Amino acid sequence: MTAAGIARLAGVGRAAVSNWRRRHDDFPKPVGGSDTSPTYELSAVERWLREQGKLPSVPLYERLWQRADSHPAGVPAALRVAGSMLMLLREDPRLAISYSAASDDELARRLPAELESALAARFGPGHPVRLPERLDDAVPLLRTTAKFAEDVGPAQTYEFLFGRYLDANPRQFVLTPPGPAELMAALAGELPGSVLDPACGSGALLRASPARRSVYAQEIDPELASLTALRLAMAADPGVGIRVRTGDALREDAFGELTVDTVLCHPPFNDRNWGHDELGYDARWEYGFPARTESELAWLQHALAHVREGGSVVMLMPPAVASRRSGRRVRADLLRRGALRAVVALPAGAAPPHGLPLHLWVLRKPDPEHRPPADLLLFDAAGMPGAGPDKAPWFAVSTAVLDAWTAFDRHGAPANQPGVSRVLPVIELLDDDVDVTPARHLPPAAAEGGAAALESVREQLTHTLRRTADIAPAPSATGEPARWPTTTVGELARAGALLMRAGGGGSAPAEESAGPRAVLTEHDVIAGGGPTGVLPPARPEGPAEEPVLVEEGDVVVPVLGGGAVARVVDATAAGAALGRNVYLLRPDTAALDPWFLAGFLRGTANNRQASSFATTSTRLDVRRLQVPRLPLADQKRYGDRFRTLAAFEGTLRQATQLGEQLVQGLYDGLTDGTVRPG
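The rules we used
- Along each chain, residues carry numbers from 1 onward, in the same order as the chain's sequence is written.
- Since the coordinates come from a predicted model, pLDDT governs what is reported: local features require at least 70, and pairs of side-chain atoms require 80 or more to be given and counted, while whole-chain, interface and lining totals use all residues.
- To obtain the side-chain values, all non-hydrogen atoms of the structure were included, while hydrogens and water were left out.
- Pairing between two strands requires that DSSP report at least two bridges joining them.
- The numbering of helices and of strands both runs from the N terminus, where a helix is a DSSP run of H or I of at least 4 residues and a strand a run of E of at least 2.
- Whenever a carboxyl oxygen of Asp or Glu lies within 4 Å of a side-chain nitrogen of Lys or Arg, that contact is scored as a salt bridge.
- Exposure is judged per residue with a 1.4 Å probe applied to protein chains only, and the accessible area is read against the type maximum: over 50% gives exposed, under 20% gives buried, and values in between give partly exposed.
- To pair, rings of Phe, Tyr and Trp, with the six-membered ring standing in for Trp, must have centres within 6.5 Å; the planes then decide the type, stacked if under 30 degrees apart, edge-to-face if over 60, and tilted in the middle.

J.: So what's going on with the sheet that holds strand S18 (residues 577-578)? Which residues, and what values?
T.: As summarised here, the arrangement of the 3 strands in space is S15-S14-S18, forming an open sheet in which the pairing is mixed. The open sheet has two edge strands with one neighbour each: strand S15 (533-534) and S18. Two elements, strand S14 (residues 518-520) and S15, share 2 bridges in a ladder whose sense is antiparallel. Its bridge partner lying in S15, Val519 is registered against Gly533.

J.: Any chance you could break down the pattern of salt bridges for me, citing the residues and the numbers?
T.: Under the criterion given, the structure shown has 32 salt bridges. In this structure, Asp104 engages Arg143 in a salt bridge whose closest nitrogen and oxygen atoms are separated by 3.0 Å. Here the residue Asp104 occupies a position in helix H7 (residues 104-123), and Arg143 occupies one in helix H8 (residues 139-152), the gap between them amounting to 39 residues. A salt bridge links Glu294 to Arg324; the nearest nitrogen and oxygen atoms lie 3.0 Å apart. Taken together, the residues span a long stretch of sequence, with Glu294 in the loop between strand S6 (260-265) and helix H13 (295-305) and Arg324 in the loop between strand S7 (307-317) and helix H14 (328-336) at a distance of 30 residues. Considered together, Glu294 and Arg324 belong to a single accessibility category, that of buried residues. Connected via shared salt-bridge partners are Asp105, Arg134 and Asp136.

J.: Give a detailed account of the packing of aromatic side chains, specifying residues and quantitative values.
T.: Under the defined criterion, the tally for this structure stands at 18 aromatic pairs. Here Trp405 and Phe408 contribute two aromatic rings whose centre-to-centre distance is 5.9 Å and whose plane-to-plane angle is 45°, an arrangement assigned as tilted. In this pair, Trp405 and Phe408 both sit in helix H15 (residues 394-411), 3 residues apart, roughly one turn of the helix. The pair Trp405 / Phe408 is uniform in exposure class, with both members buried. With 5.5 Å between their ring centres and 85° between their planes, Phe600 and Phe642 make a pair best called edge-to-face. With Phe600 in helix H19 (residues 594-601) and Phe642 in helix H21 (residues 632-672), this pair connects stretches of sequence that are 42 residues apart. Judged on exposure class, the residue Phe600 and its partner Phe642 are both buried. Grouped by ring-pair contacts, the aromatic residues Trp484, Phe596, Phe600, Tyr638 and Phe642 constitute a single cluster.

Structure below.
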């Protein structure tokens, strides 16, 4: 286990573990890793922590993960063994009693044959899940796994372990988030009999589209393929066939002549080594041989080659594929033959890479006996109301996309929404560029209300500017720099004068019916707006984590970016969950005035001395921020002044927003003709 694992086990920060290593000669010696990231034996660490009185009551789920994390062969090997046993327990729960009664030696000798037999029956010959001949090293892990599964079930236990593994290696895997995965499955249509993902990754798309008969998947990473196979087996009904194979699907297609009802795929992006030189005469290039720079169009044609006539293909694509000149011939043939049915531009941040507004391409395998469809649906979620800094929540985006697609697919003519969606005749796209980027073909939304609405904005701006001038605070008489005694936020927290919590965890309860809970993000705190984030829904696996909810009068402080920002929560944000990279300070109002606290936390010198600098960012250590020791009456005098400054700042912000709205509205109105010059 690593130092981070020891910190989680003991319930302390990593700095405390570093101190223990330096100060205690009897601290366990590293058994692996490197000088900068050593690893330790779990049993030795637990023994030392217990002897030092530093081992709190460890939750079973944390102990389970530590068993997996410290497995001698690595976490993937641990998850293969644990997942195989959980799959067996899911199919026959009575085995749990037999395994618990067996000795360690009997379990290590007996399980490999039983697990191998179950794996072959579930996945067929050639499956990717490889197990050792004996399981002596894995017995403690297996016993802890079985005990945890008694409470939450085998499927949820494996999902917890697999999720922790993915979370611990964020740069190793490109994951499709649940929201886009569910949207892609819904766009594919009714529950398929068979479904394929030729670049399955962690299996998110296949879990979102449960098949009635068969699930097929291929993954180039052997370790990930084995773990995903077990994940899919846990999620599917016992009667559904699961076939997962390892390899590069473009170069080594594991499923040959297979045709399925649906193909879902989030392919590798911008891969110039996809096999262009070797695959020049491949029969899959029915719509044209993709250029070396068009790997995504190679994956798209691979998917169409594996779907039956009339079957659906939904692909997650980078936006450049819609317009690159090197791909225009393939795009033109997809349009002429009616294979491409819709292009949906998602808002930036919906899926990795998060800086790009990725596209969803919806395709149908053409039936040569029917005339190709004459229209294409284009949808741009960035044009939806609320997009931008205050972007529309994902559930609103998903619902709008599905409504437009369903109307188009069933009736062929959904209502066009300026700036959002349009049904365009294919013939209009077959020009020299064959550009299917939605935003380039959607008429902009007209300025709502025209000149009359802009006049109303102008009046609001005039009123706001007058108010800004009226409430602009004047500095009082200057004096010498104060020499009052100070304390820190950390000391105030230890003394009980305030409660300090970090944001970013938690999920919405599954039974919550009032809609998604709002999240106050670091952007919201900096911009002074209401909460714009949405708390993710609770996952059925693993322990539930309660979010930190803000209350009126709390002080919230973002910790990244190096700016001096602190905000007192008002009624508009109360009840929201606290987002990542934001700290909550809840003062005891009998000892500490919240406006006084927030005001002094915003001091430039205060922030400078409490900041640390990494290679690419600045991080604020909230505990080191300083506050003067003043009587409550004096605190309230300062607090009133800081409240006045906050009101002035809010009015300035409102004036800026109104001014920008008026300027852009006039530009748009003059250019679209709704406003005349003069």
